[in-house]
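Structure at a glance
Given next are the chains, with one letter for each unit.
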Amino acid sequence: MLNYLLRRLLLMVPTLLGITLVVFVVMAAAPGGISAQSLVDGMELEPQSRQALEEYYNKLYGLDQPAPVQYARWLNNISPIGFERNPDGTMGAFSLWKGIDLGTSFRYGRPVTDLLAERLPITLLLNLISIPLIYALAIGIGVQAARDRGGRFDVSSNIFLLALWSVPSMLAGVLFIGFFASEQYWRWFPTGGLMRRETASETFLPLFSSFTDVLIVFACVAVITLLLIQAVRYLKTMHRQWLGLGLGAVLGFMMATDLQGQWFSLLHVFLMLVLAALMRLLCGLQNLPMRLIIAGTLGLALGLGLAAAFGVTALQKGYLFDRFWHLVLPIIALSYGGLAFLAKLTRSSLLENLAADYARTARAKGVDEESVLWRHVFRNSLLPLITVSATLLPSLLAGSVIVESIFSIDGMGKLAVEAVQTRDRELVLSVTLISGVLTLIGYLLADIAYAIVDPRVSYD
């Protein structure tokens with residue numbers, strides 16, 4: 001395994017060079033190309049100042065040299081081994097460790113390393129939250145659909161997942177903002193950004209006026225959550241479904257009242273029917289972990305709502321809560337497409353393995369269906385998910401370009417769009433390099449996961 005890892009790490013170098021070379025060639029071959037003259041176009045400068053600025057850009061970036069020389073110059077800058085660069089842009093002495101220099105952005109006039117250090121953690125945060133969420137929900141939905149093949153949940157989830165897969169993320173982001181962040185409908189979430197400016201001076205956790213308010217909030221959340229958890233654990237399926245119908249109808253009525261301010265209208269009927277049917281379906285699940293997750297989430301929301309009805313309000317929402325609240329809509333917009341695809345893939349993989357010979361042999365030996373599913377079938381069904389996981393990270397990075405632009409999040413996606421629009425060569429190449437590294441790391445982790453899940457896989 002160690003030799004395999006070393007080979008893969010060494011093969012990353014020519015792969016990354018090929019990726020950056022393609023991007024560089026496309027940028028150089030684009031109409032107008034990248035030159036010092038194109039950088040100063042649009043600036044109202046005197047001829048002497050314009051010429052001096054063009055000479056400065058030519059010395060700093062080598063834009064007056066042939067394209068192969070420019071690319072070799074950029075490779076020298078990003079390589080830890082090579083020729084040192086003098087302040088005036090000329091090459092200095094050869095060094096075995098000169099450090100990595102990603103250059104200076106054309107547009108911002110700042111080192112690219114500083115820009116990436118600001119934007120990369122934001123995009124990684126979105127993806128590190130989205131990926132576990134996608135896999136947890138997709139596996140849960142896929143397992144339940146496979147166990148209930150042809151049943152009500154299977155048919156309903158198939159229709160719902162197909163609808164999710166069909167909606168583009170750009171349209172979903174706009175609809176989320178229009179319905180859940182605008183003044184015309186439910187303004188539950190912020191329209192964009194990652195935090196409010198006032199949050200910078202607030203406490204990390206929410207701050208209440210008194211300790212009594214803290215106890216009220218804790219008691220409301222704890223009591224409702226425990227009641228819901230006990231209900232979904234011990235009630236019979238029919239009783240859980242009736243409970244879901246009641247909760248869904250109440251939630252639909254509250255949503256319609258909050259929007260229109262009326263006691264009853266056609267919207268009340270529509271939302272009550274939709275949420276009642278949805279909650280009935282969720283409460284009827286046979287998968288206990290999924291029921292517990294749904295009950296815990298719903299209990300937290302209802303507990304906070306009940307505390308607010310008692311008049312408990314936070315003096316400060318706090319940095320943590322405010323950051324979480326800003327991330328809800330972007331993460332949903334980034335995750336639902338992958339969730340729909342992986343849930344369908346999980347279902348088909350499980351059904352294929354449940355019909356395999358080794359599963360029938362286990363049943364013939366008297367093994368119960370739960371043991372067949374979790375001890376024999378589930379592990380083999382993970383192999384297609386691991387295969388897809390290698391492409392999930394690149395797709396999420398690509399999707400973050402759209403999501404970050406819609407929700408005004410200053411991450412790598414928005415930075416990449418701005419770099420391409422302004423033909424910021426240094427920034428485009430650096431973003432491509434970082435994205436390529438993350439993509440190759442995703443493929444490497446997928447290969448390692450193959451060996452962990454399937455003992456037959458060996459890289460020695």
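Preceding block: the structure.
A brief report on the enclosed structure follows. Because the structure is a prediction, the values reported are computed rather than measured.

Here we come to a nonpolar patch on the surface. Residues Ile81, Phe83, Met91, Phe94, Leu96 and Trp97 make up a contiguous nonpolar surface patch of about 700 Å² in total accessible area. Take Trp97: its relative accessible area is 64%, and that puts it in the exposed class.

Below, the discussion takes up the packing of aromatic side chains. The full count for this structure, using the stated rule, is 11 aromatic pairs. Their ring planes at 25 degrees and their centres at 6.2 Å tell us that Tyr71 and Trp74 sit as a pair that is stacked. One end of the pair, Tyr71, and the other, Trp74, are both in helix 4 (residues 67-78), three residues apart, so they sit about a helical turn from each other. Ring centres of Phe324 and Trp325 lie 6.3 Å apart, and the angle between their planes is 45 degrees; this geometry places the pair in the tilted category. An aromatic cluster is defined as three or more aromatic residues linked by ring pairs; in this entry it consists of Phe189, Phe321, Phe324 and Trp325.

Another aspect to go through is helix 11 (residues 288-309). Its 22 residues place the ends of helix 11 31 Å apart at the C-alpha level, agreeing with the 32 Å of an ideal helix rising 1.5 Å per residue. Of the residues making up helix 11, those classed as buried are Met290, Arg291, Ala295, Leu298, Gly299, Gly303 and Ala307. Count one or two residues on from helix 11 and you reach Gly311, which has phi positive near 90 degrees.

Using a probe with the size of a water molecule, rolled over the atoms, empty space left in the structure can be pinpointed. The final tally for this structure, using the stated rule, is three cavities of 30 Å³ or more. What the largest cavity holds in volume is close to 80 Å³. Lining the largest cavity, in full, are Leu228, Val232, Leu243, Leu247, Met279, Leu282, Cys283, Arg291, Ile294, Ala295 and Leu298. Going through the elements one at a time, helix 8 (211-234), helix 9 (237-260), helix 10 (266-283) and helix 11 are the ones with two or more residues in the lining of the largest cavity. For the lining of the largest cavity, the element with the most residues is helix 11, which contributes four residues. Per-class residue counts for the lining of the largest cavity are 10 nonpolar, no polar and one charged. Considered as a void within the structure, the second largest cavity measures approximately 50 Å³ in volume. Surrounding the second largest cavity, Leu60, Tyr61, Gln70, Arg73, Trp74, Asn77, Arg85, Gly103, Arg425 and Glu426 form its lining.

Here the phi dihedral of Ser408 falls at roughly 55 degrees; this positive angle occurs in a residue that is not glycine. Inspection of the secondary structure assignment puts Ser408 in the loop between helix 14 (369-406) and helix 15 (412-421).

Cut-offs applied
Residues numbered from 1 in each chain as written. Predicted model: local features only at pLDDT ≥ 70, side-chain atom pairs only at ≥ 80, totals over all residues. Heavy atoms only, no water. Patch = residues over 30% accessible without salt bridge, like charges linked within 9 Å, V, L, I, M, F, W, Y side chains within 5 Å. Areas by Shrake-Rupley, 256 points an atom, 1.4 Å probe, with all protein chains shown as cover. Salt bridge = Lys/Arg side-chain N within 4 Å of Asp/Glu carboxyl O. Buried < 20%, exposed > 50% of the residue type's maximum accessible area, 1.4 Å probe, protein only. Phe/Tyr/Trp six-rings, centres within 6.5 Å; stacked < 30°, edge-to-face > 60°. Helix = DSSP H or I, 4+ residues; strand = E, 2+ residues; numbered from the N terminus. Expected span 1.5 Å × (residues − 1). 1 Å grid on protein atoms, 1.4 Å probe; cavity = no way out; pocket = protein on both sides within 12 Å on 5 of 7 lines; lining within 4 Å. Points joined across faces, edges and corners; volume = space filled by probe spheres on them. Nonpolar A, V, L, I, M, F, W, Y, C, P; charged D, E, K, R; others polar.

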